[in-house]
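Take a look at the letters that make up each chain.
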Amino acid sequence: MRTRIIGTGSCLPETVVTNDDLAKIMETSDEWISSRTGIRERRLVKDETTASMSVVAAKRAMEDAGVKAEEIDLIIVGTITSDYVIPSTACEVQAAIGADRAVAFDINAACSGFMFALHIADAYLKTGTYRTALILGAETLSKIMDWNDRSTCVLFGDGAGAAVVRADETGLLAYDQGSDGAKGEVLACQNRKNNNPLVKNATELQYTHMDGQEVYKFAVTTVPASIKKVVEEAGLTIEDIDYFALHQANIRIIQSVAKRLKVSEDKFPTSLEHCGNISAASVPILLDEINRKGLLKPGMKIVLSGFGAGLTWGSAVVEW
Ligand code: ACO
């Protein structure tokens, strides 16, 4: 029994913020951002929340899959920017869609969140514990950015992506994942500080900071190795893969991975031009975009790969 993706959905906030828009509020330019990252615009929330975008993405995925709320056994949301510390975004989604039977929880694996959620769902489905799961990656990254730090805030966007997965004859063929907590500081955002009566810290807001070059080095070495490993485990060769749907951090990372795998960049669809980096939501949004364009045909072999803070990474080969 394998875990098959049977429907996808996504949701982006309404408001488009171009690189030129950013250049009006900070010292940057479309040339600097697009030449280094490939990003031209991103969507940022005004009224939307992590949960509201998740609910829209979830409903679209369920419609695509032809699955009703009462059929869903499990909801997992990969997010680092839930609206509440408690309850989880997954519980908010459960209530909004009326999936009363489902077990719902969030996971934090940063930009690998959707991939880790897929693997957790696979473990439940393979053992027969559950049959149908809704997995999401959803972020409102704009709330954890330091909008005075032009080296990080220009890279990120907001949005949500979802997939319905079900136990089936084919689907997830192989999986690789890993973590390297020793390098946690290269991309980090501290939670709220403790302000209990014993420590009395001043309440200070915490934002994301990143060592961009270290992240780049990690991505261009770990991701090709993880993809090679998972393709081999699936009993395939790199040439057998129809598409590589990677986390959308930076076009240079994607180009470098393509070069190291000796694969044409045409096999690497992108959404970062109009989305920016949406952490856990990147992979499911991209998957939904290529699915809705009709690019995915039954039997195709697709590599999905997420990588980011933790550090964490996860790659999978799926048969469509
Ligand atoms: N606009 C204009 N100038 C800028 C900006 C900006 N938005 N940001 C930084 N600069 C300036 C810096 O101040 C610096 O100026 P200086 O030379 O006068 O000091 C100069 O540009 C170069 O800065 P660097 O940070 O060294 O820029 P670099 O060439 O490393 O590019 C980048 C930064 C694009 C982030 C690069 O390191 C990279 O691609 N890293 C990959 C990491 C990544 O994509 N992270 C995304 C999140 S992680 C993830 O999702 C896995």
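### Focus on a positive patch on the surface
Taken together, Lys228, Lys259, Arg260 and Lys262 make up a surface patch of like positive charges. Relative to the helices and strands, lysine 262 is located in the loop between helix H8 (251-261) and helix H9 (272-275). On the basis of relative accessibility, which here comes to 74%, the residue lysine 262 falls in the exposed class.

### Focus on the pairing of strand S12 (residues 301-308)
Counting buried positions along S12 gives eight out of eight residues, so the element sits mostly inside the fold. Where strand S11 (residues 243-246) and S12 come together, four bridges link them in parallel fashion. Bridging across to S12, alanine 245 finds its partner in leucine 304. Examined bridge by bridge, S12 and strand S13 (residues 312-319) share eight bridges and lie antiparallel to one another. The partner of isoleucine 302 across the bridge, within S13, is valine 318. Joining the antiparallel neighbours S12 and S13 is a turn of three residues, in which glycine 310 adopts a positive phi near 140°.

### Let's talk about the sheet that holds strand S7 (residues 158-168)
Here five strands make up an open sheet; going across it, the order is S1-S7-S6-S4-S5 and the pairing mixed. At either margin of the open sheet sits one strand with a lone partner, and together these are strand S1 (2-11) and strand S5 (103-107). For this sheet, the mean inter-axis angle between neighbouring strands, taken without regard to orientation, is 20°. By the bridge criterion, nine bridges tie strand S6 (residues 132-140) to S7 in an arrangement that is antiparallel. Residue threonine 132 lies in a different strand from S7, and its bridge partner there is arginine 166. On the sheet, helix H3 (residues 50-65) packs against S1, S6 and S7 and is oriented at approximately 125° with respect to S1. Helix H5 (residues 113-126) rests against S1, strand S4 (74-78), S5, S6 and S7 of the sheet, and its axis sits at about 165° to S6.

### Considerations on H8
Listed in full, the buried residues belonging to H8 are Ile251, Ile253, Ile254, Ser256, Val257, Ala258 and Leu261. Check the buried side of H8 and you find it contacts helix H2 (30-37), helix H7 (212-233), S11, H9 and S12. Residue asparagine 250 occupies the N-cap position of H8, its side-chain oxygen lying 2.7 Å from the main-chain nitrogen of arginine 252.

### Regarding the packing of H3 against helix H4 (residues 89-97)
Viewed as axis vectors pointing N to C, H3 and H4 meet at an angle of 55°, and their least axial separation amounts to 9 Å. Considered as vectors, H3 and H4 are oriented oblique to each other. Where H3 crosses over H4, the handedness of that crossing is right-handed. From H3, Thr50, Ala51, Ser54, Val55, Ala58, Lys59 and Met62 reach across to H4, where they touch Thr89, Glu92, Val93, Ala96 and Ile97. By residue class, the composition of the contact of H3 with H4 is seven nonpolar, three polar and two charged.

### Details of the packing of aromatic side chains
Counted by the stated rule, this structure contains three aromatic pairs. Relative to tryptophan 313, the ring of phenylalanine 218 has its centre 6.0 Å away and its plane inclined at 55°; by these criteria the two rings are tilted. Of this pair, phenylalanine 218 sits in helix H7 while tryptophan 313 sits in strand S13, and the two are 95 residues apart along the sequence. By relative accessible area, phenylalanine 218 is classed as buried at 8%.

Reading the values: the criteria
Residues numbered from 1 in each chain as written. Predicted model: local features only at pLDDT ≥ 70, side-chain atom pairs only at ≥ 80, totals over all residues. Heavy atoms only, no water. Patch = residues over 30% accessible without salt bridge, like charges linked within 9 Å, V, L, I, M, F, W, Y side chains within 5 Å. Areas by Shrake-Rupley, 256 points an atom, 1.4 Å probe, with all protein chains shown as cover. Salt bridge = Lys/Arg side-chain N within 4 Å of Asp/Glu carboxyl O. Lys, Arg positive; Asp, Glu negative; His and termini not counted. Charge placed at Lys NZ, Arg CZ, Asp CG, Glu CD. Helix = DSSP H or I, 4+ residues; strand = E, 2+ residues; numbered from the N terminus. Buried < 20%, exposed > 50% of the residue type's maximum accessible area, 1.4 Å probe, protein only. Pairing = 2+ DSSP bridges. Axes fitted to C-alpha atoms, helices over the stretch in contact; angles between N-to-C directions. Contact = heavy atoms within 4.5 Å. Polar contact = N/O pair within 3.5 Å; in protein donor to acceptor, adjacent residues only side chain to side chain. Parallel < 35°, antiparallel > 145°, perpendicular 65-115°, else oblique. Left-handed = near helix turned anticlockwise from the far one by under 90°. Nonpolar A, V, L, I, M, F, W, Y, C, P; charged D, E, K, R; others polar. Phe/Tyr/Trp six-rings, centres within 6.5 Å; stacked < 30°, edge-to-face > 60°.

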